[in-house]
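# Structure assessment
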Amino acid sequence: MDKNDKQLSVRSVESDRMDSSVNGDLMEDAGKVHMDEAQSWGTGIISDFKRTVGTHWVTEMTNFNQKTFAVTLLVFISVISPTLTFGAVYGKETDNRIGAVETILATAWVGVVYSLIGGMPLCVIGSTGPVLAFTKSVVRIADNMGVPFLTFNAWISCWLLFYCVTAAFFDLTRVVRLATRFTDEIFALIIVSIFVMDAVGDPFSPVGILRYFDPDHKSHEEFEDDPNYDYMEVALLSTILGFGTTALIFLFRSFKDSSFFCNDGVRSSIHDFAVTMAVVSVAMVKEFLFSSVDTEQLSVPDRFQPSYQCCTSSCDTFFPDDCVDQAEAYGSRPWFVDFSDLNGKGHVPIVAAGPAILAFLLVFLDSGITWHLINHPNNKLKHGEAYNYDLVLNGLFNFVNGCLGLPWLVATTVPCIIHLNSLSEKDKDGKVIDVQETRLTLLFSHMMVGLSLLVLEILQLLPMPVLYGVFLFMGLSSLPAMQFWNRLLLWLQQSSKYPDFAFTRYMEKKKIHLYTVFQLFFFGYVFLVQNMSAIYIIFPLMTLLCIPFAFTCCPASLKAGKCALWMVTM
């Protein structure tokens, strides 16, 4: 055997070894999930802190560069638009007891503090659809019990903190590791669907670009008596602005791997500042070329004060709805919630422990699955994970928010993915080469969110369709990284020309599609629960059940060998 034959033989042996790492039938216990040994009695919290904050804090606070500035602006835009949108919805659902000011304040202070002491600073904390849906249920329960919503919510926050600390103290976050890619991507696609539907047109609520074609849309109401107002003209321009913003962002980002412009530095700058340039460009087009068309503007409060304005000193009626003959409000509600305002029902603090269990499941899963997605080995993060430590912080943040009458916040899946992808260096195939793990982007962006309370009149200049365009970009740009989405696209492609993925190389086509159908079934029932107002309070429980169902209900043909390993790791 000559030298070349020996080299080919070695490569063949190495190739066989690589194949054995992918093919489960060549490995003992392939595809089984094993949890680490429990780090109980608080040792997990301490080790998380030492591994992350205690080791990498200085590096993460000093690695400033051009990308840091660009990603800061991207995260700010990605955070401020859903923050204000969720704030408006919170105001509607809670009778302004929680509104835009409270949502901005909560997002700003939690983001700044988390960027300084959090264990996984690439995660963006903010408002989410599932938490908003749960808050609606809390409002309904409080009304049925005859107790003030903010008081009941504050007591739930106390229990939530207790549950979070207890779970972290006994290292129950290990359960998140059972949430394999199967559950991760179901949850991620649920969140992405919320962003896309809210941008394009949600069939379950009156938001989205295409909703402007509805003559009864709320944005048309204030112009009902204006004979020159044409809602179809507004709807058409809104559609162009919204989808145009999305298209412009993708256009700017595409220059990075193109031959346009003089060097890589210019192309990288355009890519990094794509969202900022697109938003400013489209907003200026609207302001200077179509100023006569009254598109919906971003709804922000006029000044910094609690959203709930009182008719009287008791602050149990809302101005102006409950006192139309009164010229001005008596004042605002106090910032601190009165825990003793129980309307004579002393059992409320104990009753709050029940809903707090579902609240804990929601916070635990919403944040935990997002943490799990961000820390996937394919993302090549090197600074470690801190599930227990961050769960304690999450409980503490939401306890403080509950005491101040602010909304609960959790790790937000889509902004986290956007943040991670923006700090990543990737090759032409989209595989991560390296990630700039920094705290500065989160710190600066949330400082800007807080400072926006001082320049609310400037934010009012942003057309709402432009922000819908950013929503759509955030959703669509997250899809290519999801294996679930890529497998759905295979149904539209010629089988002999499937893209080169691990599952297309090592799996039979029939089993790929069978597994996709199985996963799509679970996505469908979680999606329906999340969008049905009568039962959405059990959304966190339904998401949790995906974990055991993935293994107990999986078709027998998918449990063996390569499929089992594929479900868990690829």
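Attention in this report is confined to the structure presented alongside it. Quantities reported herein were computed from a predicted structural model and do not represent experimental measurements.

## Examining the overall build of the chain
Regarding its fold elements, the chain presents 23 helices and six strands. Taking all 570 residues of the chain together, 54% fall into the buried category. The contacts in the chain between residues at least 6 apart in sequence include a share of 77% that link residues at least 24 apart. With the model as given, the accessible surface of the chain reaches about 25500 Å², and the carbon-plus-sulfur share is 62%.

## A short note on the packing of aromatic side chains
Tallying each qualifying case throughout the model produces 31 aromatic pairs. For the pair W41 and F169, a centre-to-centre distance of 5.8 Å together with 90° between the ring planes defines the contact as edge-to-face. Of this pair, W41 sits in the loop between α1 (3–22) and α2 (43–51) while F169 sits in helix α7 (residues 149–169), placing them 128 residues apart in sequence. The partly exposed category is assigned to F169, whose relative accessible area is 29%.

## Overview of the nonpolar core
The biggest cluster of nonpolar side chains holds 143 residues, and the ones touching the most others in it are Y114, F152, I156, V275, F360 and L391. Beyond its immediate sequence surroundings of up to four residues, F360 is in contact with L160, Y163, C164, A167 and L391. Counting five residues, the second largest nonpolar core, distinct from the first, contains L490, Y498, F503 and I512.

## Description of a negative patch on the surface
Taken together, the side chains of D214, D216, E221, E222, E224, D225 and D226 present a region of like negative charge at the surface. Here D225 lies in the loop between α8 (181–200) and α9 (231–254). With a relative accessible area of 76%, D225 lands in the exposed category.

## Things to note about helix α5 (residues 100–117)
Helix length check: α5, at 18 residues, gives a terminal C-alpha distance of 26 Å against a target of 26 Å (1.5 Å per residue), a fit within 8%. Taken together, the buried positions of α5 are occupied by A100, V101, E102, T103, I104, A106, T107, A108, V110, G111, Y114 and S115. On its buried face, α5 sits against α4 (66–93), β1 (125–126), α14 (387–404), α16 (440–451) and α17 (456–459).

## Notes on the pattern of salt bridges
Enumeration according to the criterion identifies 10 salt bridges in this entry. Notably, a salt bridge pairs K382 with D434, separated by 3.8 Å at the nearest N-O pair. Placement of K382 in the loop between α13 (353–374) and α14 and of D434 in strand β6 (residues 432–435) is noted, with a sequence separation of 52 residues between them. Each member of the salt-bridge network shares a partner with another, and the members are K67, K256 and E425.

## Focus on the state of the cysteines
For the coordinates displayed, the defined rule picks out two disulfides. Residue pairing for C310: its cysteine sulfur links by disulfide to C315, the two sulfurs lying 1.7 Å apart. In this model C311 forms its disulfide with C323; the gap between the sulfur atoms is 2.0 Å. Across the S-S bond of C311 and C323 the torsion is about -80°, and the bridge reads as left-handed. On the criterion of sequence distance, the pair formed by C311 in the loop between β2 (309–310) and β3 (331–332) and C323 in the loop between β2 and β3 is long-range, its members being 12 residues apart. Residue C311 shares its accessibility class with C323, and that shared class is buried. When the bonded cysteines of the chain are counted from the start of the sequence, the pairing works out to 1-3, 2-4. We note that C158 lacks a disulfide partner, and the nearest cysteine sulfur, in C403, lies 5.6 Å from it. Take C158: its relative accessible area is 22%, and that puts it in the partly exposed class.

Cut-offs applied
- Residues numbered from 1 in each chain as written.
- Predicted model: local features only at pLDDT ≥ 70, side-chain atom pairs only at ≥ 80, totals over all residues.
- Heavy atoms only, no water.
- Helix = DSSP H or I, 4+ residues; strand = E, 2+ residues; numbered from the N terminus.
- Buried < 20%, exposed > 50% of the residue type's maximum accessible area, 1.4 Å probe, protein only.
- Contact = heavy atoms within 4.5 Å.
- Areas by Shrake-Rupley, 256 points an atom, 1.4 Å probe, with all protein chains shown as cover.
- Phe/Tyr/Trp six-rings, centres within 6.5 Å; stacked < 30°, edge-to-face > 60°.
- Core = buried A, V, L, I, M, F, W, Y, C linked by side-chain atoms within 4.5 Å.
- Patch = residues over 30% accessible without salt bridge, like charges linked within 9 Å, V, L, I, M, F, W, Y side chains within 5 Å.
- Salt bridge = Lys/Arg side-chain N within 4 Å of Asp/Glu carboxyl O.
- Lys, Arg positive; Asp, Glu negative; His and termini not counted.
- Charge placed at Lys NZ, Arg CZ, Asp CG, Glu CD.
- Expected span 1.5 Å × (residues − 1).
- Disulfide = S-S within 2.5 Å.

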